[in-house]
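# Coordinates in review
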Amino acid sequence: AFGKLTVRSERPAFDGPLRLARLDCAGAGLSLAGARISAKASARPALDAFDAELSLKTGALRLAGAQAAGAGGTLRAGWKAGALTARYDLSLDRAGMAGIEAGRIGSEGLLRAADGLARIEAEGSLSGDDLLTGPGLETILAAAQRSAAGTFAAPMVAQVRAGLKREAPGSALSGSYTLRRTGGV
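Below you will find a few notes about this structure. (Residues numbered from 1 in each chain as written. Predicted model: local features only at pLDDT ≥ 70, side-chain atom pairs only at ≥ 80, totals over all residues. Heavy atoms only, no water.)

### Comments concerning the side chain of Thr58
As for its position among the elements, Thr58 is in strand β6 (residues 49-58). Overall, the relative accessible area of 11% leaves Thr58 in the buried class. Once residues lying within four places of it in the same chain are set aside, the contact partners of Thr58 are Leu32, Gly34, Ala35, Ala69, Gly70 and Ala71. (Helix = DSSP H or I, 4+ residues; strand = E, 2+ residues; numbered from the N terminus. Buried < 20%, exposed > 50% of the residue type's maximum accessible area, 1.4 Å probe, protein only. Contact = heavy atoms within 4.5 Å.)

Shown next as structure tokens:
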């Protein structure tokens, strides 16, 4: 950390960059090749509420079979009276997992949590571009087509394979989501 830590009117604050050279956790299948975070945070004197603004840029990352060349984005969060509210705009570059890849995939939205994280709500949008199916998905679909030979499913699987090859380069995806969790974590 190379930031500035201050206390004014009994309110602690931090402003500055945070850097992480490398993170490896084999047990969780997690690795991160560097991260730069610009952080601005403050708390109330009793430390019972805080506000933070973060800007993130990372190098390559891997988690449980998924990988990306990098991640970036912004997060604005506040904690008060046991409730968390956060606005985020995050993206992954050259991301892939389980036979599908994207040049970029991103999400922006709002997250609210309360009751010690027992209640969580998130709503936002998801976008992606340059979607490609990798050899893993093609192998699975080819095997499914061979297994379905002589049935009504074989031509359908063949059409899916041909459509993916034809339409995937330069394709995009967009959607919205609402997630809710209630009860104990």
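### Here's the deal with the environment of Arg146
With respect to the element layout, Arg146 can be found in helix α1 (residues 135-147). Between the C-alpha atom of Arg146 and that of Ala158, which follows or precedes it by 12 residues, the distance is 9.7 Å.

### What to know about the environment of Ala13
Relative to the assigned elements, Ala13 resides in strand β2 (residues 11-20). According to the relative accessible area criterion, Ala13 is partly exposed, its value standing at 22%. Along the backbone, Ala13 and Arg44 are 31 residues apart, and their C-alpha atoms lie at a distance of 9.2 Å. Sequence-distant contacts of Ala13, defined by excluding residues within four places in its chain, comprise Lys4, Leu5, Thr6, Ala41 and Ser42.

### A closer look at the pairing of strand β9 (residues 70-80)
With 9 bridges connecting them, β6 and β9 associate as antiparallel partners. Bridged to Ala52 within β9 is Ala77. Pairing between β9 and strand β10 (residues 83-97): 11 bridges, direction antiparallel. Bridging across to β10, Lys80 finds its partner in Ala83. The turn joining β9 and β10, which pair antiparallel and follow one another in sequence, is formed by 2 residues; a positive phi near 55° is taken by Ala81. (Pairing = 2+ DSSP bridges.)

No statement about biological role is implied by the geometric values presented.
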